[in-house]
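# Structural overview
What follows is each chain in one-letter form.
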Amino acid sequence: FEMDTLGKIDHLRERIQTQNIDAEIEVDGGINQETAALVGQHGATILVAGTAIFRSDDLQSAIIALRKAASSGQ
């Protein structure tokens with residue numbers, strides 16, 4: 001995950017809002033509980049997580065934790 005992505009999300013969110021566009025912001029790459037919360041705070045609504053889920057011993061718990069982290073930012 002590259003931290004400069006947060007600024008890009010902010011920019012997209014502002015354009016979407018000011019131009020009244022019906023769109024979602026998707027982030028793919030480096031999503032874990034920490035980054036899910038960050039991108040959620042900045043306005044991303046679709047997150048693609050691979051490693052954080054598939055390297056977990058409990059897939060369902062990993063998904064629930066990521067959803068909770070992402071929604072805590074919104």
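A few points on the structure. (Residues numbered from 1 in each chain as written. Predicted model: local features only at pLDDT ≥ 70, side-chain atom pairs only at ≥ 80, totals over all residues. Heavy atoms only, no water.)

### With respect to the overall build of the protein chain
Within the protein chain, the regular secondary structure consists of four helices and two strands. Reading the protein chain from its N terminus to its C terminus gives the helix and strand order α-β-α-β-α-α. Each principal axis of the C-alpha distribution contributes one length, and for the protein chain these read about 45 × 20 × 15 Å. In the protein chain, which comprises 74 residues, the share counted as buried stands at 28%. Long-range pairs, those at least 24 residues apart, make up 47% of the contacts in the protein chain with a sequence separation of at least 6. Just so you have it, the protein chain exposes about 5,100 Å², and 48% of that area is on carbon and sulfur atoms. (Helix = DSSP H or I, 4+ residues; strand = E, 2+ residues; numbered from the N terminus. Buried < 20%, exposed > 50% of the residue type's maximum accessible area, 1.4 Å probe, protein only. Contact = heavy atoms within 4.5 Å. Areas by Shrake-Rupley, 256 points an atom, 1.4 Å probe, with all protein chains shown as cover.)

### Describing the nonpolar core
Core analysis: the largest hydrophobic core is formed by 15 residues, its most contacted members being Ile9, Val27, Ile31, Ala36, Val39, Ala44 and Leu66. Contributions of two or more residues to this core are made by helix 1 (5–18), helix 2 (33–42) and helix 4 (59–72). Setting aside residues no more than four positions away along its own chain, Val39 makes contact with Phe1, Leu6, Ile9, Val27, Ile31, Ala44 and Leu47. (Core = buried A, V, L, I, M, F, W, Y, C linked by side-chain atoms within 4.5 Å.)

### Some words on helix 2
Along helix 2, the positions that sit buried rather than exposed are Thr35, Ala36, Ala37, Val39 and Gly40. Where the residues of helix 2 are buried, they touch helix 1, strand 1 (26–28), strand 2 (46–48) and helix 4. Between a side-chain oxygen at the N-terminus of helix 2 and the backbone nitrogen of Glu34 the separation is 2.9 Å; the capping residue is Asn32. The first or second residue beyond helix 2 is Gly43, which carries a positive phi of 120 degrees. (Polar contact = N/O pair within 3.5 Å; in protein donor to acceptor, adjacent residues only side chain to side chain.)

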